[in-house]
Amino acid sequence: MQTTLNKIKNCNPCPSGWRKLLSNLGKLGPDDEPLSFATIIRSNGLKDAVWCLRLLEDQNRIAWFALLCALEVKYSMSHKHSVRAVEVAESFLKGSRKSLEKAAGRSATVADKFWGLSDEKMGPAWAAWAAWGAAMAVLGLKHEVGDVVDGAMIASNGAAVVVGEQVIGNIFLKLFG
């Protein structure tokens with residue numbers, strides 16, 4: 001999958017990420033040359049690459065990415081509402097129309113309760129954030145791509161803390177690289 005520097009620039013990237021991308025590509029400004037998401041993740045890392053997903057029209061693929069991130073850390077989820085949010089999000093993406101809003105809301109409440117815990121309890125907290133992000137991304141399919149991407153960012157960031165950026169980066173590359 002590909003985009004262009006002009007498309008990225010039109011979405012107002014953060015100045016530091018934009019400069020880093022241009023520098024790593026040896027460019028002085030935006031152009032319309034095809035730019036792969038694999039190149040973006042290698043240049044700028046996972047967070048910037050996930051941010052760039054807003055340039056894609058395939059919202060379903062983005063939601064699946066968020067879900068796969070949450071599934072990667074499901075073993076670390078210590079609360080039933082987090083697990084349920086992931087299960088309902090997966091069912092929804094597979095065609096079920098169960099009440100995802102309720103599961104997402106409960107998952108958000110769980111994630112919020114974990115905030116500020118001691119380091120040894122933060123694994124389940126980040127996993128809960130990943131669950132909430134996945135549910136949010138899937139819910140975004142009903143709304144707009146920004147919601148899907150925001151959910152994917154939350155899910156991938158939470159999961160990356162638990163299993164490492166390399167693992168989540170590999171999931172990203174399988175879907176978008």
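Every value quoted in this text rests on a predicted model; they were computed, and no experiment measured them. (Residues numbered from 1 in each chain as written. Predicted model: local features only at pLDDT ≥ 70, side-chain atom pairs only at ≥ 80, totals over all residues. Heavy atoms only, no water.)

Draft legend 1. Focus on the overall build of the chain. A count of helical and extended segments in the chain gives ten helices and two strands. When the helices and strands of the chain are read in sequence order from the N terminus, they spell out β-α-α-β-α-α-α-α-α-α-α-α. Within the chain, buried positions represent 46% of all 177 residues. A separation threshold of at least 6 residues defines the contact pool for the chain, and within that pool the share at least 24 residues apart is 66%. Accessible surface for the chain amounts to roughly 8600 Å². Of this, 50% is attributable to carbon and sulfur atoms. (Helix = DSSP H or I, 4+ residues; strand = E, 2+ residues; numbered from the N terminus. Buried < 20%, exposed > 50% of the residue type's maximum accessible area, 1.4 Å probe, protein only. Contact = heavy atoms within 4.5 Å. Areas by Shrake-Rupley, 256 points an atom, 1.4 Å probe, with all protein chains shown as cover.)

Draft legend 2. Representation of the pattern of salt bridges. Evaluated as defined, the whole model comprises five salt bridges. Its salt-bridge partner being Lys74, residue Glu87 comes within 3.5 Å of it at the nearest N-O pair. Of this pair, Glu87 sits in helix H6 (residues 80-93) while Lys74 sits in the loop between helix H5 (59-72) and H6; the two residues are 13 residues apart in sequence, bridging distant segments of the chain. A relative accessible area of 30% means that Glu87 is categorised as partly exposed. Each of the salt bridges in this network shares a partner with another, and the network as a whole consists of Lys27, Asp31 and Glu33. (Salt bridge = Lys/Arg side-chain N within 4 Å of Asp/Glu carboxyl O.)

Draft legend 3. Quick peek at the packing of aromatic side chains. Under the criterion given, the structure shown has four aromatic pairs. Residues Phe37 and Phe172 carry aromatic rings whose centres are separated by 6.4 Å and whose planes lie at 55 degrees to one another, so their mutual orientation is tilted. Note that Phe37 is positioned in helix H3 (residues 37-44) and Phe172 in helix H10 (residues 165-176), a separation of 135 residues in sequence. Taking the relative accessible area as the measure of exposure, Phe37 reaches 0% and is therefore buried. Ring centres 5.7 Å apart and planes at 85 degrees place the aromatic pair Phe65 and Phe172 in the edge-to-face group. (Phe/Tyr/Trp six-rings, centres within 6.5 Å; stacked < 30°, edge-to-face > 60°.)

Draft legend 4. Structural view of the nonpolar core. In terms of nonpolar packing, the biggest core is built from 48 residues, with Ile8, Leu53, Phe65, Phe172 and Phe176 touching the most fellow members. Apart from the residues lying within four places of it in its own chain, the contact partners of Phe176 are Met1, Phe37, Leu53, Leu56, Arg61, Ile62 and Phe65. (Core = buried A, V, L, I, M, F, W, Y, C linked by side-chain atoms within 4.5 Å.)

Draft legend 5. Looking closely at H5. End to end, H5 covers 20 Å across 14 residues, agreeing with the expected 20 Å (1.5 Å per residue, within 8%). Burial in H5 covers these residues: Ile62, Ala63, Phe65, Ala66, Leu67, Cys69 and Ala70. (Expected span 1.5 Å × (residues − 1).)

Draft legend 6. Region of the structure containing the state of the cysteines. Enumeration according to the criterion identifies zero disulfides in this entry. Sulfur of Cys52: no disulfide; nearest cysteine sulfur belongs to Cys11 and is 8.2 Å away. (Disulfide = S-S within 2.5 Å.)

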